[in-house]
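# Observations on the three-dimensional arrangement
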Amino acid sequence: MVMKILRQNRWVALLIGALFVSLSLISLLGMQAETTEGEEQQQDMPKFVMAALAPEGDPDTLAVKASTKQDREPVNILSSIVFHEWNKPGGKQDAFSSSKGIGLADPGNLYSQKTLKTADEKKEESKSQDADGKPAKQKGTHVVKSQAKSLTPPTTLFFTRTNTLTQAQKDKATWTYDLSAEELLLLQKIVMAEAEGEPYEGKVAVANVVLNRLRSANFPDTITDVIYQKHQFSPVANGRLKRVQPNEETIKSVNAALHGQKEVKDDTYFFLSLKLAQDLTVHHSRTFVKKIGNHSFYK
């Protein structure tokens, strides 16, 4: 039946045949186009070859010789996997090798042996400074104080009307006093007798009182007369002055006072121990200055 219709209407058969041919051509062209596009994309994609892991026990011998061909040119593996941004200023990264392959390290975390050595040296210097003890300034003060304690006694004392001067201030002196060896020993013995159990500063202060009296117009003019003045120093009355022998600290304290070290002011002329004194007239009639050890000082 169909064949009869086609024979009678040949133009319909031609039209149907042309339609089938057109559809076939379109289908073939589409498949070819997809195949070509896929090949082009595959050709455009860069080829990567991962670096082989370094052998165990030798992490620093990473195999960096692996390479591939891109557009028929040999390409190092790093040029294929490192982004361009890492080469910009401020974002530079360094590659390092390990047993896990190639990685990237922050330059801020990489330290050279020289830097580490410098840090260690600074640390050792700091330790050595700490091991020395006190800071430089305190060391200097300690040395000066030690030197002051070990000074040899001067042979001449310098005074103004109101002050005992140091050897360096001798140009300001209005009068001088020649110190003999006998009076030096007597001064050391009275300090020992009065302040044997007192601190170093207390011994210097007792020597200051004797020198203040020597300078003052209200007391005798020699060290001997000052010490032996009646009713002034109890060791003279009870005989202790003759029995004592000055120890090293007493000698140093007297030397320091003779060179101008002052633990009490120049107008301090009296001292006593409130625990031992039988006569408290000074305590009630004089102005209190300070207390050093068991001794109270007055002007």
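Parameters and conventions
Residues numbered from 1 in each chain as written. Predicted model: local features only at pLDDT ≥ 70, side-chain atom pairs only at ≥ 80, totals over all residues. Heavy atoms only, no water. Helix = DSSP H or I, 4+ residues; strand = E, 2+ residues; numbered from the N terminus. Expected span 1.5 Å × (residues − 1). Buried < 20%, exposed > 50% of the residue type's maximum accessible area, 1.4 Å probe, protein only. Core = buried A, V, L, I, M, F, W, Y, C linked by side-chain atoms within 4.5 Å. Contact = heavy atoms within 4.5 Å. 1 Å grid on protein atoms, 1.4 Å probe; cavity = no way out; pocket = protein on both sides within 12 Å on 5 of 7 lines; lining within 4 Å. Points joined across faces, edges and corners; volume = space filled by probe spheres on them. Phe/Tyr/Trp six-rings, centres within 6.5 Å; stacked < 30°, edge-to-face > 60°.

### Quick word on helix α7 (residues 200–215)
- For α7, built from 16 residues, the straight-helix expectation of 22 Å at 1.5 Å per residue is met to within 8% by its first-to-last C-alpha distance of 23 Å.
- Among the 16 residues in α7, 15 count as buried, and that is most of the element.

### Quick notes on the nonpolar core
- By size, the foremost hydrophobic cluster in this structure holds 32 residues, and its most contacted members are L187, I190, V210, I223 and L258.
- Listed by contribution, the elements that provide at least two residues to this core are β5 (156–159), α6 (181–195), α7, α8 (223–228) and α11 (248–258).
- It is α7 that contributes the most residues to this core, nine residues altogether.
- Ignoring sequence-local partners within four residues, the contact set of I223 consists of Y177, L179, E183, L187, V210 and L214.
- Ranked by size, the runner-up nonpolar core spans five residues in total, among them F219, Y269, L272 and Y298.

### Thoughts on the layout of surface pockets
- For the largest pocket, the calculated volume is near 850 Å³.
- Taken together, 33 residues line the largest pocket, and the ones lying closest to its centre are E194, Q232, S234, L272 and A277.
- When residues of the lining of the largest pocket are traced back to their parent elements, those giving at least two are α6, α9 (234–238), β7 (270–273) and α12 (281–285).
- If one sorts the elements of the lining of the largest pocket by residue count, α9 sits on top with five residues.

### A short note on unusual backbone geometry
- One non-glycine residue with positive phi stands out, namely H231, at about 65°.
- Secondary-structure assignment places H231 in the loop between α8 and α9.

### Regarding α11
- Looking only at α11, the buried set comprises T250, S253, V254, N255, A256, A257 and L258.
- Phi turns positive one or two residues past the end of α11, at G260, with a value near 110°.

### What about the packing of aromatic side chains?
- For the structure on display, the rule yields six aromatic pairs.
- Ring plane angle 35° and centroid distance 5.8 Å describe the contact between F271 and F297, whose orientation is recorded as tilted. Residue F271 is located in strand β7, and its partner F297 is located in strand β9 (residues 295–298); the two are separated by 26 residues in the primary sequence.
- Residue class for F271 comes out buried when judged on its relative accessible area of 14%.
- On the numbers, 5.7 Å between centres and 75° between planes, the contact of F288 with Y298 is edge-to-face. Of this pair, F288 sits in strand β8 (residues 288–292) while Y298 sits in strand β9, and the two are ten residues apart along the sequence.
- Joined through ring pairs, the aromatic side chains of F219, Y269 and F270 make up one cluster.

Nothing here speaks to function; it is all geometry.
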